[in-house]
Amino acid sequence: MNLRTDYDVTQAIELLHNCLSRQISHEALIWLEEKTNQISQGAMQRLFYTAFSAVPRYLGKQQLTLSTQDLRAAAAIRPGWNPQHWSVDQVGRTWIVLSLPHADIEKYLWTLEQVFTTADVRELIALYQSLPLMPHPEKHYARAAEGVRSNMTSVFNAVALRNPYPAEYFDDLAWNQMILKAVFVGSPLYLIHNSDRRANPELGKMLVDYARERWAAKRSVTPELWRFVGYTDTELQALAKVLQVDDIVQQEAAALACAHSPLPQAKELLARYPHLQAAILQGDLTWSSFSRDRLGADT
Amino acid sequence: MMFIDPHIHMVSRTTYDYMVMREYGVVAVIEPSFWLGQPRTSSGSFKDYFSSLIGWERFRASQFGIQHYCTIGLNPKEANNEALAAAVMELLPLYACKEGVVAIGEIGYDDMTPAEDKYFCQQLELAQELDMLVLIHTPHRNKKAGASQSMDRCIEYGLAPSRVIIDHNNEETVEEVLARGFWAAFTIYPHTKMGNARMVEIVRQYGCDRIIVDSSADWGVSDPLAVPKTAQLMLERGIPEAHVKAVCYENALAAYSQSHQFSESDWLTSTIDQRELYYGNSVLRGQTPVVEASRDQILIE
Ligand SMILES: [Zn+2]
């Protein structure tokens, strides 16, 4: 795991401030500045709670508009941070959460706990999206795992998608459960940050078992799951089967899996499909082109 | 005609009630947090109750074409368990400003004990601090004195009467409430509160300014259709339609839209999609989901 606890919160706040100032009214910005100031200076907890809830009343809920520079700045401040799909109330709530004093870890975590356990759906989404920006990231592990267990797809997605936290902090067990659940609920796997780096044999086995179950019930599986498969002979057998299916999308995904597999037999298998092998070797077929062309990813 | 029932306890009503209410033209409801029939023994059950008001209940109503709002507060009866009351006061700031929360309420007096007074005042202070409306429950016993004292306290804590709704009024209290500039709400509830026919006479006598009709329907023998039925009786007994509209829809809208959490566009633009899930749960039990493009069919003119 690649732990990052060294990012600068004040830079993140500055970026949020800049983005908001272009989009919300002067009054709303003043309101937010005042609240975040009071909170960072240790105002009573109830001010934090009420301000956090009240954000949409003052800021509205429109989509945030970000330039490519903003996005680049975000990724430079906190690698993996991608607020592209955030709304202004989510930005406001994140700013409020980041203003919370955190030197007294116990008090900080207790206060956050109160908000998490009483939050409504929109609030939960804002909180989980902000996880990678919160101080003491390693302390939020159980909370993030809780978010993955959520029955609300939107809440699950706030943890799992476009969020660097899981790849950095989840152990294999939690990580694998998250991927499997994403497959189950139909969330796009290409939005899972650094997912390829966290591929592992156990996950490959789980996904192939899942695919077999689906096939037995005459159901299809998302081609994206082959991304994590290719570690054992059993998995290669599954890939061989997919390569024979009359579905170019499935074939391409299985071919990519073979190309990325550490097993020499995988290369032999791929060689039986020269057109796919050639496309991969020439760089015309990659996971990212696949996500764009076959899954509609906007990359 | 469209109706608002600005005081109804849907947690103790069935989904069937939502379906019938919608058929009768109820487009929005406000659910004041209140007591459940037996005392709660820990603040945890308040927490879950508040969470269901802002979460599941809101979702369930939306699935039947009704917009659900709520008010958050510690009710008068349960203020008498002081240890519990103090813990609930700690919870209120976590819920008071959430989306769809239109007021602090229902608060006020039951037995008019010192503990009730203490927590009533603390909640008025919170409302003032958060710039929120207040919904007041007037007591069943000693109602006139309870209503007067409630209004005194509101003034004392700096709340404008136009931002306070006094509920469960009757012939004895209406005059003072209106004269002092507060909203006067009436609960049409069999036997214990206000009756349909009496309500007609009140509107005949006092007109329609700042008067609001609601059902307070809850787990008791009560009627979730009290608002549309009262409207019908008023029309039958010669109350002008404009007055009926005011007391069964427009006044509640005017009073609660001051919260900026309650707006006609919420229900005029909403659609039903019963395929949606809440925490993985559906309101359906094997039925085919209804998916509706527009809300036109709910307007019963
Ligand atoms: Zn009530």
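Quantities reported herein were computed from a predicted structural model and do not represent experimental measurements.

Engineer: Talk me through the overall build of chain B; I want residue IDs and the actual numbers.
Structural biologist: A count of helices and strands for chain B gives 11 helices and eight strands. For chain B, whose C-alpha radius of gyration is 18 Å, the value lies close to the compact-globule estimate of 19 Å for 301 residues. In terms of principal-axis extent, the alpha carbons of chain B reach across some 55 × 50 × 35 Å. Looking at the 301 residues of chain B, the share that counts as buried comes to 59%. Across chain B, the fraction of contacts at a sequence separation of at least 24, relative to all contacts at a separation of at least 6, is 74%.

Engineer: Kindly report on the sheet that holds strand β1 (residues 3–5) of chain B, identifying the contributing residues and their values.
Structural biologist: Residue and element names in this part refer to chain B. Spatial ordering of the open sheet is given by β1-β2-β3-β4-β5-β6-β7-β8, a layout of eight strands whose pairing is parallel. The open sheet terminates on both sides in strands that have one partner only, identified here as β1 and β8 (211–214). On average, each strand axis in the sheet is inclined to that of its neighbour by 25°, with strand direction left out of account. In this structure, β1 lies alongside strand β2 (residues 26–32), joined through three bridges in parallel fashion. By the bridge assignment, Phe 3 is partnered in β2 with Val 26. Sitting on the sheet, helix α10 (residues 241–257) is in contact with β1, β2, β4 (101–108), β5 (133–137), β6 (164–167), β7 (183–187) and β8, with an inclination near 110° to β8.

Engineer: If you had to explain the domain arrangement of chain A to someone new, which residues and values would you point to?
Structural biologist: Residue and element names in this part refer to chain A. Along its sequence, chain A is organised into domain 1 (1–186) and domain 2 (199–299). Here domain 1 and domain 2 have C-alpha centroids that lie 34 Å from each other. Across the contact, eight residues belong to domain 1 and nine residues belong to domain 2. Carbon and sulfur atoms make up 72% of the area that domain 1 and domain 2 hide from each other, which totals about 780 Å². A per-residue breakdown of the area domain 1 buries against domain 2 is headed by Asn 176, Leu 180 and Val 183, which together make up 58% of the total. Our count for the contact surface shared by domain 1 and domain 2 stands at zero salt bridges.

Engineer: Hey, could you go over the pairing of β6 of chain B for me, with residue numbers and the actual values?
Structural biologist: Residue and element names in this part refer to chain B. Burial along β6 is two-sided: Val 164 and Ile 166 facing one way and Ile 165 and Asp 167 facing the other are all buried. Bridge count for β5 against β6 is four bridges, and the pairing is parallel. Paired with Leu 135 across the two strands is Ile 165, which belongs to β6. Crossover β5 to β6 through helix α6 (residues 143–156) is right-handed.

Engineer: Explain the packing of helix α3 (residues 45–59) of chain A against helix α5 (residues 88–99) of chain A to me, using residue names and the numbers behind them.
Structural biologist: All names here are of chain A. As a packed pair, α3 and α5 sit with axes 9 Å apart at the nearest point and diverge in direction by 155°. Between α3 and α5, the angle falls in the class roughly antiparallel. Here α3 runs over α5; the crossing is right-handed. Seen from α3, the contacting residues are Phe 48, Ala 51, Phe 52, Ser 53, Val 55, Pro 56 and Leu 59; seen from α5, they are Val 88, Asp 89, Gly 92, Arg 93, Ile 96 and Val 97. Its residues assigned to classes, the contact of α3 with α5 comprises nine nonpolar, two polar and two charged.

Engineer: Help me get a handle on helix α1 (residues 9–23) of chain A, residues and values and all.
Structural biologist: All names here are of chain A. Between its first and last C-alpha, α1 extends 22 Å over 15 residues, near the 21 Å set by a 1.5 Å rise per residue. Val 9, Ala 12, Ile 13, Leu 15, Leu 16, Cys 19 and Leu 20 are the residues of α1 that are buried. Each buried residue of α1 lies within a common arc of 160° when the element is viewed along its axis, so the set occupies one face. Opposite the packed face of α1, turned more than 90 degrees from it, sit the exposed residues Thr 10, Glu 14 and Arg 22.

Engineer: Could you give me a rundown of the state of the cysteines, with the residues and numbers involved?
Structural biologist: Overall, the coordinates contain zero disulfides over all chains when judged by the stated rule. Left without a disulfide partner, Cys 121 of chain B is nearest to the cysteine sulfur of Cys 154 of chain B, which lies 9.2 Å away.

Engineer: Account for the layout of surface pockets, naming residues and giving values.
Structural biologist: The space that makes up the largest pocket amounts to roughly 1,100 Å³. As for the largest pocket, its lining consists of 35 residues, of which Lys 61, Val 121 and Arg 122 of chain A together with Arg 58 and Glu 99 of chain B are closest to the centre. Counting only elements with at least two residues in the lining of the largest pocket, the list comes to α3, α7 (121–130) and α9 (153–160) of chain A together with α3 (56–62) and β3 (67–72) of chain B. Residues belonging to the lining of the largest pocket are distributed by class as follows: 11 nonpolar, 15 polar and nine charged.

Engineer: Tell me about the coordination of the zinc ion, and name the residues and values.
Structural biologist: Residue and element names in this part refer to chain B. The zinc ion binds to the protein through His 7 (NE2), His 9 (NE2) and Glu 106 (OE); the donor distances cover 1.9 to 2.2 Å. Going along the chain, you hit the donors of the zinc ion in the pattern H-x1-H-x96-E. With His 9 in the loop between β1 and α1 (15–23) and Glu 106 in strand β4, this residue pair connects regions lying 97 residues apart in the sequence. A relative accessible area of 6% places His 9 in the buried class.

Engineer: Can you break down the interface of chain A and chain B residue by residue, with the values?
Structural biologist: Of the residues lining the interface, 20 residues belong to chain A; the matching set on chain B comes to 18 residues. Across the chain A to chain B interface the summed buried area is about 1,800 Å²; carbon plus sulfur atoms make up 53%. Ranking the residues of chain A by area buried against chain B places Arg 46, Arg 57 and Thr 118 of chain A at the top, with a combined share of 36%. Our count for the contact surface shared by chain A and chain B stands at four salt bridges. In this structure, the salt-bridge partner of Arg 122 of chain A is Glu 99 of chain B, at a minimum N-O distance of 3.8 Å. The interface formed by chain A and chain B includes nine residue pairs in polar contact (both at pLDDT 80 or more).

Engineer: Quick one: what's the story with the nonpolar core, residue by residue and with numbers?
Structural biologist: Counting residues in each nonpolar core, the largest one holds 181 residues, and the members touching the most others are Trp 226 of chain A together with Met 199 of chain B. Non-local contacts of Met 199 of chain B, meaning those with residues more than four positions away in its chain, are made with Phe 186, Ile 188, Met 194, Ile 211, Val 213, Thr 230 and Met 234 of chain B. The next biggest cluster of nonpolar side chains, apart from the first, holds 21 residues, and it includes Ile 4, Ala 28, Ala 255 and Trp 267 of chain B.

Engineer: Outline the environment of His 193 of chain A, supporting the account with residue identities and numerical values.
Structural biologist: Residue and element names in this part refer to chain A. Note that His 193 resides in the loop between α11 (172–185) and α12 (201–216). Between the alpha carbons of His 193 and Pro 166 there is a distance of 8.0 Å; along the sequence they are 27 residues apart. Beyond its immediate stretch of four places on either side in the chain, His 193 contacts Gly 80, Asn 163, Pro 164, Ala 167 and Trp 175.

Cut-off values and rules
- Residues numbered from 1 in each chain as written.
- Chains lettered and ligands numbered in written order.
- Predicted model: local features only at pLDDT ≥ 70, side-chain atom pairs only at ≥ 80, totals over all residues.
- Heavy atoms only, no water.
- Helix = DSSP H or I, 4+ residues; strand = E, 2+ residues; numbered from the N terminus.
- Rg over C-alpha atoms; globule rule 2.2 N^0.38 Å.
- Buried < 20%, exposed > 50% of the residue type's maximum accessible area, 1.4 Å probe, protein only.
- Contact = heavy atoms within 4.5 Å.
- Pairing = 2+ DSSP bridges.
- Axes fitted to C-alpha atoms, helices over the stretch in contact; angles between N-to-C directions.
- Domains from an automatic or database assignment.
- Buried area = accessible area lost by both parts, 1.4 Å probe.
- Salt bridge = Lys/Arg side-chain N within 4 Å of Asp/Glu carboxyl O.
- Right-handed = clockwise from strand over helix to strand, strands pointing away.
- Parallel < 35°, antiparallel > 145°, perpendicular 65-115°, else oblique.
- Left-handed = near helix turned anticlockwise from the far one by under 90°.
- Nonpolar A, V, L, I, M, F, W, Y, C, P; charged D, E, K, R; others polar.
- Expected span 1.5 Å × (residues − 1).
- Arc of directions from axis to C-beta.
- Disulfide = S-S within 2.5 Å.
- 1 Å grid on protein atoms, 1.4 Å probe; cavity = no way out; pocket = protein on both sides within 12 Å on 5 of 7 lines; lining within 4 Å.
- Points joined across faces, edges and corners; volume = space filled by probe spheres on them.
- Donors = N, O, S within 2.8 Å, 3.2 Å for Na, K, Ca; no water.
- Polar contact = N/O pair within 3.5 Å; in protein donor to acceptor, adjacent residues only side chain to side chain.
- Core = buried A, V, L, I, M, F, W, Y, C linked by side-chain atoms within 4.5 Å.

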